[in-house]
Amino acid sequence: MIHFNSLFLAVETWMVAVFPALALIVGAGIAAAVTYVVLKKVSQKKSEKKLDDTSKRVDEMLANAQKECRQLKKEAEFEAKEQDLKRRNEFDQEMKEKRAEQQRMEARLNKQEDLLERKEAELMKKSEQLDAQRENLARRTEEVQKTQEQVSHQHELMVAELERISQLTKEEAKKMLTEEILDETRRDCAVNVRNLEQQAKDEADLNAKNIITLAIQRCAADHASESTVSVVPLPNDDMKARIIGREGRNIRAIENATGIELIIDDTPEVVILSGFDPVRREVARLTLERLIQDGRIHPARIEETVEKVTKELEQQIKAAGENAMFEVGIFGIHPELIKLIGRLKFRTSYGQNVYRHSIEVAQLAGLMAQELGLDVNFAKRAGLLHDIGKAVDHEQEGTHIQLGADLAKKFKENAMIVNAIMAHHGDTEPKTIEAVLIQAADAVSGARPGARRETGSNYVKRLEKLEAIASGFAGVDKSYAIQAGREVRVIVKPDQVDDAKALFLAKDIAKKIESELEYPGQIKVNVIREFRSVEYAK
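Note that the coordinates shown come from a computational prediction; the quantities given were computed from them, not determined experimentally. (Residues numbered from 1 in each chain as written. Predicted model: local features only at pLDDT ≥ 70, side-chain atom pairs only at ≥ 80, totals over all residues. Heavy atoms only, no water.)

Enquirer: Go over the overall build of the protein chain with me, naming the residues and quoting the values.
Expert: Secondary structure assignment for the protein chain yields 14 helices and eight strands. Taking as baseline every contact in the protein chain between residues at least 6 positions apart, the subset at least 24 positions apart corresponds to 61%. Total accessible area on the protein chain is roughly 37500 Å²; 54% of this is exposed by carbon and sulfur atoms. (Helix = DSSP H or I, 4+ residues; strand = E, 2+ residues; numbered from the N terminus. Contact = heavy atoms within 4.5 Å. Areas by Shrake-Rupley, 256 points an atom, 1.4 Å probe, with all protein chains shown as cover.)

Next up, the structure:
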């Protein structure tokens, strides 16, 4: 019982504490619900008011839009009417122009129809005239045919009578006349050709002599002949033994190092150097001279001296090529070509130094080009390079012309320079006047007295072959080589060779000499025909 009362008191205490809190919570909920209901009604009133305002604004906007639409509709209808009116006016104007054009075309067609009708009438008239002329021509043709038959018959009778009188057939007489006409024509042509050639030659010789004379006067060059074999003088004959060395070791060392053969014979105080390569021969000459001056001659010293001389000579070759360029006055040549030009200093042709010859040809060609108003630099460049192939012709196969052209192509020289190199001996047709000047300058440089020389045996053989070539033609009586082989005089038999044939004989002999004989400069072929009539008075 006591326990139950305690429990009751506890429950009563809890309720006293909890009920106020519950009452407070319930009151707060009721207040919130009332507040929500009141706010909701206020919001509904505001929304209804906003809807009314919005509806009024929409009605106003619809009214304005309808008003603007009616205004735009009126403007569009007005603009459409204006466009329609404008198009109608344009259409009417176009139709007027087309009607006017059609009327003009109709007028032109009518005029053309009238013209065609007149032409048709004229053609009909001409056709009638042609028919009449055709009939007349047919009658005349028949008459001509009858006349031709009569003439042909008379011709046959005359031919038969001529054959009977001359005792020759028609074909034989025709052949005889043809031969006589051909012979007479050849003689006339030969005479005309000779006259024209003589006239052209006289004028060309006069102009060419003036130009060449001016060029030669302004170009002076040294023409001392040089030998193709180098000779080294010795201080005494005892030096020969030192050059040979013990068991020939020194001379073998020199020959192996330089590639040049040393000839030591009974000639006093002289050693001869023989070899195809002029640069190597020069290396051997300088080496031998230095060894003789130094006095120390043994294989090791020989190799050292050869190496040193080779380097110095390469520098001299390059300097010589550059000096040639400066002397001639041209620039822009490939460095390898400059070295090859310098190598020409040790190359000779018929005893003439090719280096000096190339410089002289360049100067002569440049002077002649200046007189003729041509490209001076081009002429000088081609003249300096025209014999460049001779710098390598002892090392490579081929003529110096082909080798020179290949070198020029290899080092990007102009195609016209290549043509001038190939044409300077007449092997190729020259394409420029400057190339012809190179031929002339080359001939002038090589043909000067003292410029070139050759050995006595070669000289005699060349003259004998020159006379043999001239004597090998039919009708030639005698031939003589004169002017040191620069002219051959051919005396012909007058009963076998007439004046016309003498002209062609000179050309044939000249062509054969060009193809079979090697010679410096040029050779004049002089054909002489002399007829003498002898009678004795008794």
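The discussion continues.
Enquirer: An account of the side chain of Glu-282 is needed here, citing residue identities and associated values.
Expert: Along the chain, Glu-282 falls in helix H5 (residues 278-294). By relative accessible area, which is 14% here, Glu-282 ends up buried. Ignoring anything within four residues of it in the chain, the contact list for Glu-282 reads Leu-313 and Phe-346. (Buried < 20%, exposed > 50% of the residue type's maximum accessible area, 1.4 Å probe, protein only.)

Enquirer: How would you summarise the packing of aromatic side chains if you had to cite specific residues and measurements?
Expert: Enumeration over the complete set of coordinates arrives at one aromatic pair. The cationic tip of Lys-512 hangs over the ring face of Phe-473; the distance from NZ or CZ to the ring centre is 5.4 Å. (Phe/Tyr/Trp six-rings, centres within 6.5 Å; stacked < 30°, edge-to-face > 60°. Lys NZ or Arg CZ within 6 Å of the ring centre and 35° of its normal.)

Enquirer: Any details on the sheet that holds strand E6 (residues 476-482)? Residues and values, ideally.
Expert: With respect to topology, three strands assemble into an open sheet ordered E6-E7-E8, the strand pairing being mixed. Each having just a single partner strand, E6 and strand E8 (524-529) make up the two edges of the open sheet. Taken pair by pair, the neighbouring strands of this sheet meet at an average axis angle of 20°, ignoring direction. Here strand E7 (residues 487-492) runs beside E8; their pairing, made up of six bridges, is parallel. Following the sheet pairing, Arg-489 is matched in E8 by Asn-526. (Pairing = 2+ DSSP bridges. Axes fitted to C-alpha atoms, helices over the stretch in contact; angles between N-to-C directions.)

Enquirer: Please give an account of a negative patch on the surface that cites residues and values.
Expert: A cluster of acidic side chains, namely Glu-113, Asp-114, Glu-117 and Glu-120, defines a negative patch on the protein surface. Accessibility expressed as a relative area gives 51% for Glu-120, which makes it exposed. (Patch = residues over 30% accessible without salt bridge, like charges linked within 9 Å, V, L, I, M, F, W, Y side chains within 5 Å. Salt bridge = Lys/Arg side-chain N within 4 Å of Asp/Glu carboxyl O. Lys, Arg positive; Asp, Glu negative; His and termini not counted. Charge placed at Lys NZ, Arg CZ, Asp CG, Glu CD.)

Enquirer: How would you sum up the layout of surface pockets? Please name residues and give values.
Expert: Taken as a whole, the second largest pocket encloses approximately 290 Å³ of empty space. Around the second largest pocket, the lining is made up of 14 residues, and of these Val-279, Val-283, Thr-310, Glu-314 and Arg-343 lie nearest the centre. Here the lining of the second largest pocket takes five residues from helix H6 (residues 299-328), the largest share from any one element. Counted by class, the lining of the second largest pocket contains six nonpolar, two polar and six charged residues. (1 Å grid on protein atoms, 1.4 Å probe; cavity = no way out; pocket = protein on both sides within 12 Å on 5 of 7 lines; lining within 4 Å. Points joined across faces, edges and corners; volume = space filled by probe spheres on them. Nonpolar A, V, L, I, M, F, W, Y, C, P; charged D, E, K, R; others polar.)

Enquirer: I'd like a rundown of helix H14 (residues 499-516), residues and numbers included.
Expert: With 18 residues, H14 ought to run about 26 Å at 1.5 Å a step, and its terminal C-alpha atoms sit 26 Å apart, in line with that. If you check which residues of H14 are buried, you get Ala-500, Ala-502, Leu-503, Leu-505, Ala-506, Ile-509 and Ile-513. At the N-terminal boundary of H14, the capping side chain belongs to Asp-498, with an oxygen 2.8 Å from the backbone nitrogen of Lys-501. (Expected span 1.5 Å × (residues − 1). Polar contact = N/O pair within 3.5 Å; in protein donor to acceptor, adjacent residues only side chain to side chain.)

Enquirer: So what's going on with the packing of H6 against helix H7 (residues 335-343)? Residues and values would help.
Expert: The N-to-C vectors of H6 and H7 enclose an angle of 95°; their axes lie 7 Å apart at closest approach. The angle between the axes of H6 and H7 places the two elements in the roughly perpendicular class. Judged by residue contacts, Ile-317, Lys-318, Ala-320, Gly-321, Glu-322, Ala-324 and Met-325 of H6 engage Ile-338, Lys-339, Ile-341, Gly-342 and Arg-343 from H7. Residue classes in the contact of H6 with H7 are distributed as six nonpolar, two polar and four charged. (Parallel < 35°, antiparallel > 145°, perpendicular 65-115°, else oblique.)

Enquirer: Go over the packing of helix H8 (residues 354-372) against helix H9 (residues 376-385) with me, naming the residues and quoting the values.
Expert: Interaxial distance between H8 and H9 falls to 7 Å at its minimum, and their mutual angle equals 160°. The angle between H8 and H9 places the two elements in the roughly antiparallel class. As H8 runs across H9, the sense of the crossing is right-handed. Each of Ser-358, Ile-359, Val-361, Ala-362, Ala-365, Gly-366, Ala-369 and Gln-370 in H8 lies in contact with H9, whose residues at this interface are Val-376, Ala-379, Lys-380, Gly-383 and Leu-384. Looking at the contact of H8 with H9 residue by residue, the classes come out as eight nonpolar, four polar and one charged. (Left-handed = near helix turned anticlockwise from the far one by under 90°.)

Enquirer: Hey, could you go over the pairing of E6 for me, with residue numbers and the actual values?
Expert: Bridging between E6 and E7 involves six bridges; their strand directions are antiparallel. Bridge assignment links Ile-482 to a residue of E7, and that residue is Glu-487. Hairpin geometry of E6 and E7 is characterised by an intervening segment of four residues between the two adjacent antiparallel strands and by a positive phi of about 55° at Gln-483.

Enquirer: Requested: an account of the nonpolar core, with residues and values cited.
Expert: Ranked by size, the top nonpolar core spans 44 residues in total, and within it Ile-333, Ile-341, Leu-384 and Ile-388 carry the most contacts. For this core, the elements supplying multiple residues, two or more each, are H6, H7, H8, H9, helix H10 (400-410), helix H11 (415-423) and helix H12 (433-447). Beyond its immediate stretch of four places on either side in the chain, Leu-384 contacts Ala-324, Val-328, Ile-330, Ile-333, Ile-341, Ser-358, Ile-359 and Ala-362. Formed by 25 residues, the second largest nonpolar core is a distinct cluster that contains Ile-254, Leu-262, Leu-273 and Leu-313. (Core = buried A, V, L, I, M, F, W, Y, C linked by side-chain atoms within 4.5 Å.)

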